[in-house]
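# Summary of the model geometry
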Amino acid sequence: MNRRRAIHSLCCAALAVTAVSLSSSLLAAEPVKIGFLVKQAEEPWFQTEWAFAEKAGKDKGFTVIKIAVPDGEKTLSAIDSLAANGAKGFVICPPDVGLGPAIVAKAKANGLKVMTVDDRFVDANGKFMEDVPYLGMAAFEVGEKQGAAMATEAKNRGWDWKETYAVINTFNELDTGKKRTDGSAKALEAAGLPKEHILYTAQKTLDVPGSMDATNSALVKLPGGAKNLIIGGMNDNTVLGGVRATESAGFTATNVIGIGINGTDAIGELKKPNSGFFGSMLPSPHIEGYNTAAMMYEWVTTGKEPPKYTAMDEVTLITRKNFQEELTKIGLWN
Ligand code: FCA
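Note that the coordinates shown come from a computational prediction; the quantities given were computed from them, not determined experimentally. (Residues numbered from 1 in each chain as written. Predicted model: local features only at pLDDT ≥ 70, side-chain atom pairs only at ≥ 80, totals over all residues. Heavy atoms only, no water.)

### Regarding the pairing of strand β10 (residues 277–282)
Burial analysis of β10 places 6 of its 6 residues in the buried class, which makes it a mostly covered element. Note that strand β9 (residues 256–261) and β10 share 4 bridges and pair parallel. Residue pairing in the sheet places glycine 258 in a bridge with phenylalanine 277 of β10. Across 4 bridges, the pairing between β10 and strand β12 (residues 316–319) is antiparallel. Of the residues in β12, the one forming a bridge with methionine 281 is leucine 317. (Buried < 20%, exposed > 50% of the residue type's maximum accessible area, 1.4 Å probe, protein only. Helix = DSSP H or I, 4+ residues; strand = E, 2+ residues; numbered from the N terminus. Pairing = 2+ DSSP bridges.)

### Describing helix α3 (residues 72–84)
The end-to-end C-alpha distance of α3 is 19 Å, a good match for the 18 Å that 13 residues give at a rise of 1.5 Å each. Within α3 the residues assigned to the buried category are Thr75, Ala78, Ile79 and Leu82. Along the axis of α3, the buried positions cluster into a sector of 100 degrees, meaning they face one direction only. Exposed residues on α3 whose side chains face more than 90 degrees from its buried face are Glu73 and Ala84. Buried residues along α3 sit in contact with β1 (32–38), β2 (62–68), β3 (89–93) and α4 (100–109). Two to three positions downstream of the cap, the backbone nitrogen of glutamate 73 sits 3.2 Å from a side-chain oxygen, assigning the N-cap of α3 to aspartate 71. At the C-terminal side of α3, glycine 86 shows a positive phi close to 85 degrees. (Expected span 1.5 Å × (residues − 1). Arc of directions from axis to C-beta. Contact = heavy atoms within 4.5 Å. Polar contact = N/O pair within 3.5 Å; in protein donor to acceptor, adjacent residues only side chain to side chain.)

### Focus on the packing of helix α7 (residues 208–219) against helix α8 (residues 236–248)
Where α7 meets α8, the closest approach of the two axes is 7 Å, and the angle between their N-to-C directions is 50 degrees. Relative to α8, α7 is oriented oblique. Considering only the axes of α7 and α8, their crossing is right-handed. Residues Val208, Ser211, Met212, Thr215, Asn216 and Leu219 of α7 touch α8, and the partners they reach there are Asn237, Thr238, Leu240, Gly241, Gly242, Arg244, Ala245 and Thr246. Of the residues belonging to the contact of α7 with α8, the class tally is 5 nonpolar, 8 polar and 1 charged. (Axes fitted to C-alpha atoms, helices over the stretch in contact; angles between N-to-C directions. Parallel < 35°, antiparallel > 145°, perpendicular 65-115°, else oblique. Left-handed = near helix turned anticlockwise from the far one by under 90°. Nonpolar A, V, L, I, M, F, W, Y, C, P; charged D, E, K, R; others polar.)

### A look at the sheet that holds β3
One open sheet accounts for 6 strands, arranged β2-β1-β3-β4-β5-β11; its pairing is parallel. Of all strands in the sheet, those bounded by a partner on one side alone are β2 and β11 (309–312). Each adjacent strand pair in this sheet contributes to an overall mean axis angle of 20 degrees, direction not counted. One ladder, built from 5 bridges, connects β1 with β3; its direction is parallel. Among the inter-strand pairings, glycine 35 is bridged to a residue of β3, identified as phenylalanine 90. Relative to strand β4 (residues 113–117), helix α10 (residues 285–302) is tilted by about 165 degrees, and along the sheet it contacts β1, β2, β3, β4, β5 (134–137) and β11.

### Digging into the packing of aromatic side chains
Given two aromatic rings, their pairing is described by the distance between the two centres and the angle made by the two planes. Under the criterion given, the structure shown has 3 aromatic pairs. Sitting above the plane of the phenylalanine 128 ring, arginine 120 keeps its charged end 4.7 Å from the centroid. Its end group placed over the ring of tryptophan 333, lysine 271 keeps NZ or CZ at 5.0 Å from the ring centre. (Phe/Tyr/Trp six-rings, centres within 6.5 Å; stacked < 30°, edge-to-face > 60°. Lys NZ or Arg CZ within 6 Å of the ring centre and 35° of its normal.)

### Some details on unusual backbone geometry
Despite not being glycine, aspartate 118 shows a phi value in the positive range, around 70 degrees. As for its position among the elements, aspartate 118 is in the loop between β4 and β5. You can call aspartate 118 buried: its relative accessible area is 7%. The phi angle at asparagine 262 is positive, at roughly 125 degrees, despite the residue not being glycine. Accessibility expressed as a relative area gives 4% for asparagine 262, which makes it buried.

So, in structure tokens, the structure goes:
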């Protein structure tokens, strides 16, 4: 009897010890960490992706390490530091898509999984690295919608195509950029704007000063009969700079229609009562940030790899009339 009791209490003690050590190891377990690396942290677009990646982390219980990676060197060292911090994978919008092979090699060396958002990696031959999961905008279609919206507004203003010209700021180094401006030009032509009224001008840098310079160099080539201007480009900044250039060249808001893409980066501009910047095509940065982070979390925890290609094609035209309402709907108004 005594012996049995002794064995019983020994067993209980052993169970208790196991329970304590189990719970302390559970307590000690750190949450899963993933990285979210973006090329232009100053753009509200990327800040929005970050904010919603963090929301996914809160909802699902993982930590997001946000790192700005404006150049190749910073990108590669960010991957090392992610690994040193115990991250298991990362989502990235790279500063240069040609860094793809180097980024993948670095991720592999550190045992990290990688997926891209917005800008898709290309290999040494300029081909997409289709093995790396990617989520981004359906660029040509979104560009077409941007061009169609410009043409509709030109018609609303009763513009004559004969005295209307388009200046399209291009950034062809980036496939998503080229497809957007190609789509936009196609829609403008389809709406009746003569092909020779479309001036393409290459940006050296993908920011407001870069597009201002590009538009300036196109404006001097315009014929005397150019009364009305359409300003295009791959995102809000590329159109904002263009519109600024038209202002310095003496065009008034009534004679300029600039429509960007992103929406997030045009909020300040749309708050101004009037300008040549008419509106922006707003896609879903909130969904992109949330979903890519959630996909990476799932990949590192369950092994389920994200789809190789996910295209986002929903866009809404926001203008001074509806931007507050549309941004509020998706939680981007503050
Ligand atoms: C590219 C652009 C960003 C944003 C994103 C969807 O990365 O540089 O501004 O438009 O695609």
